Amino acid sequence: MLSSSLIRPGARIRTLAATALLGLLAVFLLPVTPADASAPLRQHAAGRGKFIGTALATGPLSNETQYRTIAATEFSQITAENAMKWDATEPSQGQFNFSGADAIVDFATQNNQQVHGHTLVWHSQTPSWVQNLGATAMRTAMQNHISQVAGRYADNPALVSWDVVNEVFDDNGNLRTSFWYNTLGQSYIADAFRAARAADPDARLCINDYNVEGINAKSTAMYNLVSSLRQQGVPVDCVGFQGHLAIQYGFPNDLQQNLQRFADLGVQVRITELDVRMQMPRDSAKDATQATYYRNVVNACLAVTACAGVTIWGFTDKYSWVPDTFSGQGAALIYNESYQQKPSYTAVHDALAGGTSTDTTPPTAPGPPAATNITASSATLTWTASTDSGGSGLAGYTVYREQGSTDPQLGQSSTASVTLTGLSANTQYQVYVRARDGAGNLSTPSATATFTTTTGGGGPGGPCTATGTVQTQWNNGYVVQPVTVTNTGTAPTNGWTVTFTLPAGHTVTGSWNATLTTSGQTVTAKSLGYNGTLATGASTSFGFQASRPGGNTQTPSGYTCSAP
Ligand code: XIL
């Protein structure tokens, strides 16, 4: 911009004309594929000002040429999958072993890559000699470990950042009652950051965790901790969102919003351990969904200025922690076991390249939508998923209302289901769904479904409605957010009450924007002072998190609203 204002108008026109001529020549002389279509991920990432990273295992790094070649060519940042953890670097007290860690740093240096150090203080992969120490000795051992390990690479320009503490929260957002916490109390966290700053004043210091990608009780606890540590002057520079996702548990659609709220605290954010697992066996529909997840994560990072980049937790399914950790699941990475690129590679590539794609094949049409949970103002639509074979992967769905010449959009979703809200009472809706892929190709429309909203008046005591959406779930828990409460009456509400049924064995572990009480399997959520008044047609929402027995897949049902 600045330079163009220095060019005389005539000169600028000649420049443009010359450029156009060159472009015309290029069209005739060069193949039609965009010049950088096959450029490696790191080149596109650099063009967007981000890193693209991978975790590396020292075994294949030492003896597999294909592994080394892809690691060197495609990625600009490296994390040691295990080689910098405590059990590797200080297996017995004061006996340091940096062979694996050095191999990672040397490889990165040779290939002009950065290294993210992982991890200084964690409850896992830490030898029992540490765990058995008393408080004073444990604090000293922690400080010495940080000083030796972070200190070793302090002057090495490749090593740019550290996970200082890892996974300090449990799934409910309480500080994890690890041996660190049980022996030292919460202060070990601030002490670890201060020791890391002293050992390597130039490294960016991160706190890292999983299940914090969406806005939920755990990520909110992380947010509050980071905010309070920084207020106390503790040097927390960065928050790592691991990103161990699974296609069967849904995508955290508020990832970008969540990254942004941390960024607004003044910290850098990054995706540190991305993988997207699936129930085996792999098939093309699962691959397409997985590609969507990868694309969405990269796009969320691209959309947040303070997001430094995305690291994938390994790159080939040949070496992934997933099958060993999550029984029956796998195929979580962007290359298969034979180092072939998967649709998820294309998704990451094209997202980094700014959507560049040669994909002109639209996804298949979605199945006909089925409407359930119909209220005066909302309905849930579910359909059979589309598949996409054009390479850019399925990106999501749009629901339209059939209404003549221009059919308005009623909703969008990245999964094969959506809850439509804001509908008019006692109204017939004819709706259909179209899928779109990462290149923007639209499928042909699904068959049309017809449903009629109820007349309003709400549940017992009405007139209001409530619908709950499961935002994210994992093996033994889930987050319901939003539970949308809508006044379908003709007068403002003066407080509202929502009840719903919790499946047997489930426990509510946290909630926000409502007060929840549980009696048997019935949960009662009451509005708070600031959200009890809803004008006619207005909505508000609350959320909650619950735990459930491992392997149980049920979620709450029967949301009913009443207002005096
Ligand atoms: C995993 C490694 O991938 C495995 O090889 C190892 O056996 C266990 O740890 N969160 C983290 C990572 O912060 O360090 C973990 O890595 C995966 C979960």
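Remember, predicted model here, so these are calculated numbers, not experimental data.

### What to know about the overall build of the protein chain
In terms of helices and strands, the protein chain carries 15 helices and 25 strands. Computed over its C-alpha atoms, the radius of gyration of the protein chain comes to 26 Å, within 12% of the 24 Å expected for a compact globule of 564 residues. Dimensions of the protein chain along its principal axes, counting C-alpha atoms only, are 75 × 70 × 55 Å. Considering only contacts in the protein chain between residues 6 or more positions apart, those separated by 24 or more positions represent 74%.

### Some words on the sheet that holds strand E19 (residues 477-487)
Overall, antiparallel pairing links the four strands, which are arranged E18-E19-E24-E21 in an open sheet. Pairing within the sheet leaves two strands with one partner each, and these edge strands are strand E18 (464-474) and strand E21 (507-512). Neighbour to neighbour, the strand axes of the sheet diverge by 25° on average, direction disregarded. Here E19 runs beside strand E24 (residues 539-547); their pairing, made up of eight bridges, is antiparallel. Residue pairing for E24: Val479 is matched across the bridge by Gln545.

### Side note on the site of the ligand
The local shell around the ligand holds 13 residues, among which Glu81, Lys85, His118, Asn166 and Glu273 are the closest. A total of 420 Å² of accessible area belongs to the ligand in isolation, and the protein chains cover 79% of it. By residue class, the composition of the shell around the ligand is three nonpolar, six polar and four charged.

### As for the nonpolar core
One broad trend across soluble globular proteins is that nonpolar side chains are buried collectively. Ranked by internal contacts, the top residues of the largest apolar core, which has 101 residues, are Trp162, Trp180, Ile207, Phe315 and Ile334. In terms of residue count, the dominant contributor to this core is helix H10 (residues 187-199) (eight residues). Sequence-distant contacts of Trp180, defined by excluding residues within four places in its chain, comprise Trp86, Val121, Trp122, His123, Thr126, Val130, Met138, Met142, Gly185 and Tyr188. If you look at the next biggest cluster of nonpolar residues, it comprises 21 residues, including Val483, Phe500, Ala525 and Phe542.

### Some words on the state of the cysteines
Going through the model one piece at a time under the given rule, you end up with three disulfides. Through a disulfide, Cys301 is tied to Cys307; the S-S separation comes to 2.1 Å. Disulfide Cys301 to Cys307: torsion about the S-S bond roughly -100°, handedness left-handed. At a sulfur-sulfur separation of 2.0 Å, the disulfide partner of Cys464 is Cys561. Across the disulfide from Cys464 to Cys561, rotation about the S-S bond amounts to roughly -95°, and the bridge is consequently left-handed.

### Points about the pairing of strand E15 (residues 417-420)
Only one face of E15 is covered, namely the one carrying Val418 and Leu420; the face carrying Ser417 and Thr419 has none of its residues buried. Here four bridges tie strand E12 (residues 379-382) to E15, and the two strands are oriented antiparallel to one another. Along E15, the bridge assignment pairs Leu381 with Val418.

### Focus on the pattern of salt bridges
In total, this model carries eight salt bridges according to the counting rule given. Residue Asp191 pairs with Arg139 through a salt bridge whose shortest N-O separation is 2.2 Å. Note that Asp191 is positioned in helix H10 and Arg139 in helix H8 (residues 135-152), a separation of 52 residues in sequence. We classify Asp191 as buried; its relative accessible area is 17%. Here Arg139 falls in the partly exposed class, since its relative accessible area comes to 25%. Salt bridges here are not isolated pairs; linked through shared partners, they connect Asp171, Asp209 and Lys218.

### Re the sheet that holds strand E16 (residues 428-437)
Overall, antiparallel pairing links the four strands, which are arranged E14-E13-E16-E17 in an open sheet. Each of the sheet's edge strands pairs with one partner strand only, and the pair in question is strand E14 (409-413) and strand E17 (449-452). Between one strand axis and the next, the sheet turns by 30° as a mean value, whatever way the strands run. In terms of strand pairing, strand E13 (residues 394-401) meets E16 through seven bridges, oriented antiparallel. Following the sheet pairing, Gly396 is matched in E16 by Arg436.

### Comments concerning the packing of helix H13 (residues 284-303) against helix H15 (residues 343-352)
At a minimum axis separation of 8 Å, H13 and H15 run at an interaxial angle of 25°. One element, H13, and the other, H15, form an angle in the roughly parallel class. Of the two possible hands of crossing, H13 and H15 adopt the one that is right-handed. Across from Asp287, Gln290, Ala291, Tyr294, Arg295, Val298, Asn299 and Leu302 in H13, the residues of H15 making contact are Pro343, Ser344, Ala347, Val348, Ala351 and Leu352.

### Concerning the packing of helix H12 (residues 255-263) against H13
Each pair of packed helices gets described by two things: the angle between the helix axes and the distance between those axes. Relative to each other, H12 and H13 sit at 35°, their axes nearing to 9 Å. Relative to H13, H12 is oriented so that their crossing is right-handed. Packed against H12, whose contacting residues are Leu255, Gln256 and Leu259, the element H13 presents Val297, Ala300, Cys301 and Ala303 at the interface. Each residue belonging to the contact of H12 with H13 can be placed in one class, and the counts come to six nonpolar, one polar and no charged.

### As for the packing of aromatic side chains
Considering all chains together, one arrives at 22 aromatic pairs under this definition. Ring plane angle 15° and centroid distance 5.3 Å describe the contact between Tyr400 and Tyr432, whose orientation is recorded as stacked. Of the two residues, Tyr400 sits in strand E13 while Tyr432 sits in strand E16, which places them 32 residues apart along the sequence. Between Tyr429 and Phe451, the ring centres sit 5.6 Å apart and the planes meet at 15°, which makes this aromatic pair stacked. With Tyr429 in strand E16 and Phe451 in strand E17, this residue pair connects regions lying 22 residues apart in the sequence. A connected cluster of aromatic rings, assembled from ring pairs, spans Tyr67, Phe75, Phe315, Tyr319, Tyr335, Tyr339 and Tyr345. Lying across the ring of Tyr210, Lys218 places its NZ or CZ 3.6 Å from the centre. The side chain of Arg261 reaches across the aromatic face of Tyr223, ending 5.0 Å from its centre.

### Re the domain arrangement of the protein chain
What the domain assignment lists for the protein chain is domain 1 (41-353), domain 2 (370-452) and domain 3 (464-562). Look at where the C-alpha atoms of domain 2 and domain 3 centre, and you get two points 24 Å apart. Here domain 2 meets domain 3 over a buried area of about 390 Å², counting both sides, of which 66% is carbon and sulfur. For the domain 2 face of the interface with domain 3, the top three residues by lost area are Thr375, Ser377 and Thr419, together amounting to 58%. Scanning the region where domain 2 abuts domain 3 turns up zero salt bridges. Here domain 2 is connected to domain 3 by one residue pair in polar contact (both at pLDDT 80 or more). In the side of domain 2 that touches domain 3, the residues fall into one nonpolar, four polar and no charged.

Rules used throughout
- Residues numbered from 1 in each chain as written.
- Predicted model: local features only at pLDDT ≥ 70, side-chain atom pairs only at ≥ 80, totals over all residues.
- Heavy atoms only, no water.
- Helix = DSSP H or I, 4+ residues; strand = E, 2+ residues; numbered from the N terminus.
- Rg over C-alpha atoms; globule rule 2.2 N^0.38 Å.
- Contact = heavy atoms within 4.5 Å.
- Pairing = 2+ DSSP bridges.
- Axes fitted to C-alpha atoms, helices over the stretch in contact; angles between N-to-C directions.
- Near = heavy atom within 4 Å.
- Areas by Shrake-Rupley, 256 points an atom, 1.4 Å probe, with all protein chains shown as cover.
- Nonpolar A, V, L, I, M, F, W, Y, C, P; charged D, E, K, R; others polar.
- Core = buried A, V, L, I, M, F, W, Y, C linked by side-chain atoms within 4.5 Å.
- Buried < 20%, exposed > 50% of the residue type's maximum accessible area, 1.4 Å probe, protein only.
- Disulfide = S-S within 2.5 Å.
- Salt bridge = Lys/Arg side-chain N within 4 Å of Asp/Glu carboxyl O.
- Parallel < 35°, antiparallel > 145°, perpendicular 65-115°, else oblique.
- Left-handed = near helix turned anticlockwise from the far one by under 90°.
- Phe/Tyr/Trp six-rings, centres within 6.5 Å; stacked < 30°, edge-to-face > 60°.
- Lys NZ or Arg CZ within 6 Å of the ring centre and 35° of its normal.
- Domains from an automatic or database assignment.
- Buried area = accessible area lost by both parts, 1.4 Å probe.
- Polar contact = N/O pair within 3.5 Å; in protein donor to acceptor, adjacent residues only side chain to side chain.

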